[in-house]
Amino acid sequence: MAMLHIVNKSPYETGTLESCLNHAREGDTVLLIEDAVYAAMKGGRAANALSAAKGVKFAALSADLKARGIGEDRIVEGTAVVDYGGFVDLVVANDKTQSWL
Amino acid sequence: MAMLHIVNKSPYETGTLESCLNHAREGDTVLLIEDAVYAAMKGGRAANALSAAKGVKFAALSADLKARGIGEDRIVEGTAVVDYGGFVDLVVANDKTQSWL
Amino acid sequence: MSEGVKKFLYVNRKAPHGTIYALEALEVVLIGAAFEQDVSLAFLDDGVFQLVKGWDTSELGSKNFQPTYTALGDYDISKVFVERESLEERGLTEADLLELTYEDEDDDWAEKSSIRVVSREEMAEIMAENDVILSF
Amino acid sequence: MSEGVKKFLYVNRKAPHGTIYALEALEVVLIGAAFEQDVSLAFLDDGVFQLVKGWDTSELGSKNFQPTYTALGDYDISKVFVERESLEERGLTEADLLELTYEDEDDDWAEKSSIRVVSREEMAEIMAENDVILSF
Amino acid sequence: MKLGIVVNEGPYTHEASDTAYNFAVAALEKGHEIFRIFFYHDGVNNATRLMVPPQDDRHIQQKWSELAEKHNLDLVVCIAAAQRRGILDENEMKRQGKDAENLAPGFRISGLGQLIEAGIQCDRLVIFGD
Amino acid sequence: MKLGIVVNEGPYTHEASDTAYNFAVAALEKGHEIFRIFFYHDGVNNATRLMVPPQDDRHIQQKWSELAEKHNLDLVVCIAAAQRRGILDENEMKRQGKDAENLAPGFRISGLGQLIEAGIQCDRLVIFGD
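The structure presented is a predicted model; accordingly, all values stated were derived computationally and were not measured.

Enquirer: Tell me about the overall build of chain C, and please be specific about residues and values.
Expert: Per the secondary structure count, chain C includes 4 helices and 7 strands. Taken from the N to the C terminus, the helices and strands of chain C come in the order β-α-β-α-β-α-β-β-β-α-β. Relative to the 2.2 N^0.38 estimate, which gives 14 Å for 136 residues, the radius of gyration of chain C is 15 Å and therefore close to what a compact globule would have. Summarising its shape, the C-alpha atoms of chain C cover approximately 50 × 30 × 25 Å along the three principal directions.

Here is the structure:
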């Protein structure tokens, strides 16, 4: 019964990602879209939250990374980069989705 | 050259109040409106930020406190409660305003 | 769970009044109640402020929709989960919240509280147990 | 400060693309440049992401408005203040940012950088020195 | 799979509408069925045919209308949310005594029950908002 | 004092419009002059006369229009922001080849220069947004 958590807010502006990670369970996936992709940038303070989360998979949307000038070399290790098709696949592969608005 | 800082976001949701307090200077006033009035609630974690800010005056908008069920007995000491007329007076009394959106 | 019945969870994470999400979420809940699904409401983060009693919106000039929460029991909504950690961070206790009740048909229609304060971990379990999560 | 000239500060605190504020703030700056006031731009908090170079919005399908920042120098906008603490928190350095330049009329039109990385305390002073603060 | 999509924010102001559109296109390309796309909150503002974006930018309403026509999609605008925000079709115009309407082709106005129904009927519901 | 007011968010969705309205009323009661109220970003959506809020709620567009009439206020809707979001007057309707318009009485559509001018002319500028 795995869940796809979708987060779209910058972790530097709101506590949404933190709240999501407080409720995500082992086997769940957190997909970072829109301004949330900044969470996946290496060297930023928010990147620690990703490293600290155990048993949760991370993915980030390629269109949003590219739009913001974040090259793949800048992304925290272990974060999968997916396109919109990969987003659809994640929705299908998990039993349900929760958008953290 | 005092400034009126206007904050309208809940301190539990965004870092806006924190950023405002990092830039407010001695003699400035911070007016809490809309969801930012939750910052003035005694006992909440955000109330510490108000107590820690030195040399800055605080006010909160009465209409927004009342709408949210926050009685005057629940408000952090030293925070002035003002109505919309008091808001206008603060705008006039300071040299300029900055809205932290 | 009866066949064809899904478990719907309405997740409320935003403060009232500053934005319309709390009000428009309630409108969905009321319509949804007619569909005979299994319905739960979750309040966490700033969403717990939606249940703080004593609203007076007259000076603000907007609609006071607090009575709608109290009416949820009439729509057979009896499961309202409130996250304890979210309350504590904000200096709130259960005594600050609205009294929400429902009549328990399995217990001679006794009036019972709909509110169940749960830990963050329990809230995560509740989310995991539901089929459809509508978040606001 | 000449008579009748006011000091305008445009404060940018939001990330680009997720919302329209960065784009519509730029539209104000460009129109405002025609009014011969004293203009400065401030980038802090998530606003510093607006200046990170290398945008490619083709997959997203929205307009890439990054070239407009580079054109600010042509509108005689030469004071672009970026907060150091905001960069550092986000793991950014000045090398990640766009090169914004203007031609200095007091120095034989030499091309100079418009970007000045300032401390949080200096940013607070800059805010205090201006007359009109337009925030986005 | 049968998918439902919810769009909660208006065009241009938030990226939600763009993300939802791109997600819908990708889902259709992968052969999934889109049962319904429901527009709620400010999402109803995607449905005004009166928008005129700059010529070098995308036209979000037209993109939705064209996608709906091409794939026979059901784009539903919440009536309660639309009334508050000034989105109406010809029926609503008459019923409310208004002198103009602005609903774009491919969209229809209906009640919140359509959102609940999508939750019941779809294998997955994906919400895009702020 | 001469005051300028900026409204950056749409009606109902954000409280910004209510706060700005209540602030404007209080400023007028205290005898201040309101030089202009400028609607930008989603704030332009305050100006549609097609909204029909529930009968037990406030009618935000009508409140603005009535205040403007009573106090002869200058309510300016940014043309660029309005075009993106589908707010137009009769002139714009014709110029853009549209078949309907929705601008409420008391509002006028004009350029961003009107915002800068308010910043220059006013003793104080107060911004309400998200």
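Enquirer: Can you tell me about the overall build of chain E, naming the residues and giving the values?
Expert: In terms of regular secondary structure, chain E is built from 5 helices and 5 strands. In chain E, the order of α-helices and β-strands from amino to carboxyl end is β-α-β-α-β-α-α-β-α-β. Against the globule reference of 14 Å for 130 residues, chain E gives a C-alpha radius of gyration of 14 Å, in line with a compact fold. Residues counted as buried form 73% of the 130 residues belonging to chain E. Excluding contacts between residues fewer than 6 apart, the proportion of contacts in chain E whose partners are at least 24 apart in sequence is 76%. About 4200 Å² of surface is accessible on chain E, with carbon and sulfur atoms providing 41% of the total. Separation of charge centres in chain E, based on 14 positive and 19 negative side chains, amounts to 4 Å.

Enquirer: I'd like a rundown of the environment of A47 of chain F, residues and numbers included.
Expert: Residues and elements named next belong to chain F. Mapping A47 onto the fold places it in the loop between strand 2 (33-39) and helix 2 (60-71). The buried category is assigned to A47, whose relative accessible area is 0%. Residues A47 and W64 lie 17 residues apart in sequence; the distance between their C-alpha atoms is 8.4 Å.

Enquirer: Any chance you could break down the pattern of salt bridges for me, citing the residues and the numbers?
Expert: One pass over the full model with this rule turns up 60 salt bridges over all chains. The partner of R68 of chain A in a salt bridge is D64 of chain A, with the nearest N and O atoms 3.1 Å apart. Between E24 of chain C and R84 of chain E there is a salt bridge, with its nearest N and O atoms 2.8 Å apart. With E24 of chain C in helix 1 (residues 21-32) and R84 of chain E in helix 3 (residues 79-85), this pair bridges two chains. For E24 of chain C, a relative accessible area of 0% translates into the label buried.

Enquirer: Could you give me a rundown of the sheet that holds strand 6 (residues 115-118) of chain D, with the residues and numbers involved?
Expert: All names here are of chain D. Reading across the sheet, the 5 strands line up as 6-3-2-1-7 and stay open at both edges, with parallel pairing between neighbours. The sheet is open, and its two borders are formed by strand 6 and strand 7 (132-135), each paired with just one other strand. Across this sheet, the average inter-strand angle for adjacent strands is 25°, counted without regard to direction. Relative to strand 7, strand 1 (residues 7-12) is paired through 4 bridges, and the arrangement is parallel. Paired with F8 across the bridge in strand 7 is V132. In the packing of helix 4 (residues 120-129) onto the sheet, the strands contacted are strand 1, strand 2 (38-43), strand 3 (80-83), strand 6 and strand 7, and the crossing angle to strand 3 comes to about 140°.

Enquirer: Lay out the sheet that holds strand 5 (residues 96-100) of chain A with the relevant residues and their values.
Expert: Residues and elements named next belong to chain A. In spatial order, the strands read 4-3-2-1-5; together these 5 strands make up an open sheet with parallel pairing. Every other strand in the sheet has two partners, leaving strand 4 (79-82) and strand 5 as the edge strands with one partner each. Shown here is a sheet whose adjacent strand axes are inclined to one another by a mean of 25°, direction ignored. Pairing of strand 2 (residues 29-32) with strand 3 (residues 57-61) involves 4 bridges; the strand directions are parallel. Of the residues in strand 3, the one forming a bridge with V30 is F58.

Enquirer: Tell me about the interface of chain D and chain F, and please be specific about residues and values.
Expert: For interface size, the figure often reported is the accessible area lost on association. In this complex, chain D contributes 20 residues to the contact, which on the side of chain F involves 18 residues. Between chain D and chain F, a total of about 1600 Å² is buried, with carbon and sulfur atoms accounting for 61% of that surface. Considering only the side of chain D, the residues that lose the most area to chain F are Y21, E24 and F35 of chain D, jointly responsible for 31% of the buried surface there. The interface formed by chain D and chain F holds 3 salt bridges in total. In this structure, the salt-bridge partner of R84 of chain F is E27 of chain D, at a minimum N-O distance of 2.7 Å. Scanning the region where chain D abuts chain F turns up 10 residue pairs in polar contact (both at pLDDT 80 or more). Among the elements that line the side of chain D that touches chain F, the one with the most residues is helix 1 (residues 21-32) of chain D, at 8 residues. Partitioning the side of chain D that touches chain F into residue classes produces 13 nonpolar, 3 polar and 4 charged.

Enquirer: Which residues make up the nonpolar core, and what values go with them?
Expert: With 263 residues, the main nonpolar core has L32 and F87 of chain A, L32 and F87 of chain B, Y69 of chain C, Y69 of chain D together with W64 of chain E as its most contacted residues. Discounting residues that sit within four places of it in the chain, F87 of chain A has contacts with L4, I6, L31, I33, L61 and V82 of chain A together with T19, F23, V126 and F128 of chain E. Counting residues in each nonpolar core, the second largest holds 10 residues, with V52, L88 and A100 of chain E together with V52 of chain F among its members.

Enquirer: So, unusual backbone geometry: which residues are in play, and what are the values?
Expert: Even without glycine at this site, D45 of chain C takes up a positive phi of about 50°. With respect to the helices and strands, the residue D45 of chain C is situated in the loop between strand 2 (38-43) and helix 2 (66-70). Relative accessible area serves as the criterion here: at 11%, D45 of chain C is assigned to the buried category. Even without being glycine, N72 of chain E reaches a positive phi, approximately 55°. Counting through the fold element by element, N72 of chain E comes out in the loop between helix 2 (60-71) and strand 3 (75-78).

Enquirer: Give a description of the relation of the copies chain F and chain E that names residues and reports values.
Expert: Rotating chain F by 180° and translating it 0.0 Å along the rotation axis places it on chain E, where the RMSD comes to 0.0 Å. The relationship between the two copies is best expressed as a two-fold rotation axis. When C-alpha positions in chain F are compared against the rotation axis, the closest is assigned to A100 of chain F, at 3.1 Å. By residue overlap, the copies meet face to face through one surface: 100% of the interface positions of chain F are interface positions in chain E.

Enquirer: Now, about the interface of chain F and chain E: what can you tell me, with residues and values included?
Expert: With 22 residues of chain F in contact, the opposing surface of chain E contributes 22 residues. When chain F packs against chain E, close to 2200 Å² is buried across both sides, 52% of that on carbon and sulfur atoms. For the pair chain F and chain E, the number of links is 2 salt bridges. The salt bridge partner of D99 of chain E is R49 of chain F, with a shortest N-O separation of 3.1 Å. Joining chain F to chain E, the criterion identifies 12 residue pairs in polar contact (both at pLDDT 80 or more). When grouped by side-chain class, the residues that make up the side of chain F that touches chain E number 8 nonpolar, 7 polar and 7 charged.

What counts and what doesn't
- In this convention, every chain numbers its residues from 1, walking through the sequence in written order.
- Chain letters and ligand numbers both follow the written order, the letters beginning at A and the numbers at 1.
- In keeping with the model being predicted, local features are shown solely for residues with a pLDDT of at least 70 and side-chain atom pairs are shown and tallied solely at 80 or more, while totals for entire chains, interfaces and linings include all residues.
- Heavy atoms from the whole structure form the basis of all side-chain values; hydrogens and water molecules are not counted.
- Runs of H or I in DSSP of at least four residues are treated as helices and runs of E of at least two as strands, each being numbered from the N terminus.
- Both definitions apply: the radius of gyration is a C-alpha atom measure, and the globule rule equals 2.2 Å times residues to the power 0.38.
- Summary of the burial criterion: residues with accessible area below 20% of their type's maximum are buried, those above 50% are exposed, and those between are partly exposed, where the area comes from a 1.4 Å probe applied to protein chains only.
- Whether two residues touch is decided by their heavy atoms; if any such pair falls within 4.5 Å, the residues are in contact.
- For every accessible area listed, the method is Shrake-Rupley and the probe measures 1.4 Å; residues are considered covered only by the protein chains on display.
- Positive: Lys, Arg. Negative: Asp, Glu. His and the chain ends are not part of the count.
- One atom stands in for each charge, and that atom is NZ of Lys, CZ of Arg, CG of Asp or CD of Glu.
- Here, a salt bridge means any side-chain nitrogen of Lys or Arg that lies within 4 Å of a carboxyl oxygen of Asp or Glu.
- The criterion for strand pairing is that DSSP finds at least two bridges linking the strands in question.
- Axis lines are fitted through C-alpha atoms, for helices just across the contact stretch, and the angle between N-to-C directions can take any value from 0 to 180 degrees.
- Put simply, buried area is how much 1.4 Å-probe accessible surface two parts lose in total, over both of them, once they are put together.
- Distance and chemistry together define a polar contact, namely a pair of N or O atoms within 3.5 Å, with one atom able to donate a hydrogen and the other to accept it when in protein, and with adjacent residues in sequence counting only for side-chain atoms on both sides.
- Classification used: nonpolar for Ala, Val, Leu, Ile, Met, Phe, Trp, Tyr, Cys and Pro, charged for Asp, Glu, Lys and Arg, polar for all others including Gly.
- By convention a nonpolar core is built from buried Ala, Val, Leu, Ile, Met, Phe, Trp, Tyr and Cys residues, the set being connected through side-chain atoms within 4.5 Å.
- Fitting of the copies onto one another was done by least squares over C-alpha atoms, counting residues only where both copies have pLDDT of at least 70.

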